[in-house]
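# Observations on the model geometry
In case you want the letters, here they are:
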Amino acid sequence: MKALPVVAVLGLGAMGHAFAANLLKKGFTVFGWNRTPGRGDDLEIHGLQLCNDAPLAVEDAEVIIAMLTDGEATLACIRTIAQSCPQGATFCQMGTIGIKETAEAIALLASLRPDMLYLDAPVSGTKAPAENAQILVMASGDKSRAGAAQHVFDAISRGTQWYGEAGNSQKMKLVINAWLIAMMQGVAESMQLAKQFGFTPEQLWETLEGGPLAAPYVKGKLEMIRKEDYTPQMQLQHALKDARLALANAPLGTMPMMSDITALWAQAAEGGLAQQDLAAVYAWLDNARQS
């Protein structure tokens, strides 16, 4: 039986931290790096080998996971680590960075390290599903060369869906996130109406439960609203970034609701909710109504 691949996780925020934790639980050797020191310290006791710089983290890694904020950070990371990666290593870009940015990242890695494999592999799911290895990996790239990466995907997810050539899954990720964002705005506005009529979040969920509209995602967001606890599963500022990416790639005029949501969520982010869960848009609407 082939040994598990050595993995480097670059970016130890909510998702990268969850990936590293699950890999350690399943016996992988994991190196980690984060631009802001201090992230991942709690995993050292479980075997995470934290590094002060990204090139050191990738030196022995057969599979490299990049879970960074945006395209600019990802491109900078590729430039920094390219010459330190082992021959034939696989670079898995797992964040939502955009379609144009993905094409630039693929071209950059190919120019610097043509021996390496680039996989575009964003995920469907937020912090809690990631911690429980219940995300879906949406992968694209040369599947025939992705054996080592598939072992990693299997350890951190409930499954992998493949979408053909590298870059295609970034497109599907924008579709999924556009749906998620529209759903959250719908939950927030519907709950505002329910509140005016004297109904609670519990009553709204009890009415939905068991029917075709009873998405677990909705239940979780209504629970946040009930508790007034917006500890982030997905930060509002990150959802706003994804909304803007969707708009930038959609035909003009085809996503009027997303355009309105983006304008509203920008106000909420500027109003101090940027690092709260995107469900905090409900609180923003509530405050706007009362002011």
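Quick summary incoming for the structure in this document. The shown structure was predicted, so the numbers you read here are calculated from the model rather than taken from an experiment.

Another aspect to go through is the overall build of the protein. In terms of regular secondary structure, the protein is built from 12 helices and nine strands. On C-alpha atoms alone, the protein measures out to a radius of gyration of 20 Å, which is about the 19 Å that the 2.2 N^0.38 rule sets for 291 residues. Principal-axis analysis of the C-alpha atoms gives the protein an extent of 65 × 45 × 35 Å. Of all 291 residues assigned to the protein, the portion counted as buried reaches 49%. The long-range fraction of contacts in the protein, counting pairs at least 24 apart against all pairs at least 6 apart in sequence, stands at 67%. Summing over all exposed atoms, the protein offers an accessible surface of approximately 13700 Å²; the carbon and sulfur share of this is 54%. Both charge centroids of the protein, one from 22 positive and one from 29 negative side chains, sit 3 Å from each other.

Take the sheet that holds strand 5 (residues 90-93) next. Strands in a sheet are paired, the pairing made by backbone hydrogen bonds, and the direction either parallel or antiparallel. Pairing within the open sheet is parallel, and its six strands lie in the order 3-2-1-4-5-6. In the strand order of this sheet, the two ends are held by strand 3 (49-50) and strand 6 (117-120), each with one partner. Across four bridges, strand 5 lies against strand 6 in parallel orientation. Of the residues in strand 6, the one forming a bridge with Phe-91 is Tyr-118. Packing against the sheet, helix 1 (residues 14-25) makes contact with strand 1 (7-10), strand 2 (30-33) and strand 4 (63-66), and its axis sits at approximately 160° to strand 1. Those strands touched by helix 4 (residues 99-112) are strand 5 and strand 6, and its axis lies near 165° from that of strand 6.

Remark: helix 7 (residues 168-196) packs on helix 9 (residues 216-227), axes separated minimally by 11 Å, with the N-to-C direction vectors making an angle of 45°. In terms of axis orientation, helix 7 runs oblique to helix 9. The two elements helix 7 and helix 9 meet at a crossing, and its hand is right-handed. Facing helix 7, whose interface residues are Leu-180, Met-183, Met-184, Val-187 and Met-191, helix 9 presents Tyr-217, Val-218, Lys-221, Leu-222 and Ile-225.

Take the pairing of strand 5 next. Side chains Thr-90 and Cys-92 project from strand 5 onto one buried face, and the interleaved Phe-91 and Gln-93 project onto a second face that is buried too. On the question of chirality, the crossover connecting strand 4 to the parallel strand 5 by way of helix 3 (residues 71-81) is right-handed. Following the backbone out of strand 5, through helix 4 and into the adjacent parallel strand 6, one traces a crossover that is right-handed.

If you walk through the whole model with that rule in mind, you get one aromatic pair. Ring geometry for Phe-91 against Tyr-118: centres 5.6 Å apart, planes inclined by 45°, an arrangement best described as tilted. Within this pair, whereas Phe-91 is found in strand 5, its partner Tyr-118 is found in strand 6, the two being separated by 27 residues in sequence. In this pair, the class of Phe-91 matches that of Tyr-118, namely buried.

As a further point, take the pattern of salt bridges. In total, this model carries eight salt bridges according to the counting rule given. Asp-242 is paired through a salt bridge with Lys-241; the nearest N and O atoms lie 3.5 Å apart. Given the relative accessible area of 4%, Asp-242 is considered buried. Residue classification places Lys-241 among the partly exposed residues on the basis of a relative accessible area of 23%. Here the salt bridges share partners, and the residues they tie into one network are Glu-223, Arg-226 and Lys-227.

Topologically, Lys-173 is positioned in helix 7. There is no salt bridge for the buried Lys-173, and the closest opposite charge comes from Asp-242, which lies 5.6 Å off by N-O distance.

Conventions used here
- Residues numbered from 1 in each chain as written.
- Predicted model: local features only at pLDDT ≥ 70, side-chain atom pairs only at ≥ 80, totals over all residues.
- Heavy atoms only, no water.
- Helix = DSSP H or I, 4+ residues; strand = E, 2+ residues; numbered from the N terminus.
- Rg over C-alpha atoms; globule rule 2.2 N^0.38 Å.
- Buried < 20%, exposed > 50% of the residue type's maximum accessible area, 1.4 Å probe, protein only.
- Contact = heavy atoms within 4.5 Å.
- Areas by Shrake-Rupley, 256 points an atom, 1.4 Å probe, with all protein chains shown as cover.
- Lys, Arg positive; Asp, Glu negative; His and termini not counted.
- Charge placed at Lys NZ, Arg CZ, Asp CG, Glu CD.
- Pairing = 2+ DSSP bridges.
- Axes fitted to C-alpha atoms, helices over the stretch in contact; angles between N-to-C directions.
- Parallel < 35°, antiparallel > 145°, perpendicular 65-115°, else oblique.
- Left-handed = near helix turned anticlockwise from the far one by under 90°.
- Right-handed = clockwise from strand over helix to strand, strands pointing away.
- Phe/Tyr/Trp six-rings, centres within 6.5 Å; stacked < 30°, edge-to-face > 60°.
- Salt bridge = Lys/Arg side-chain N within 4 Å of Asp/Glu carboxyl O.

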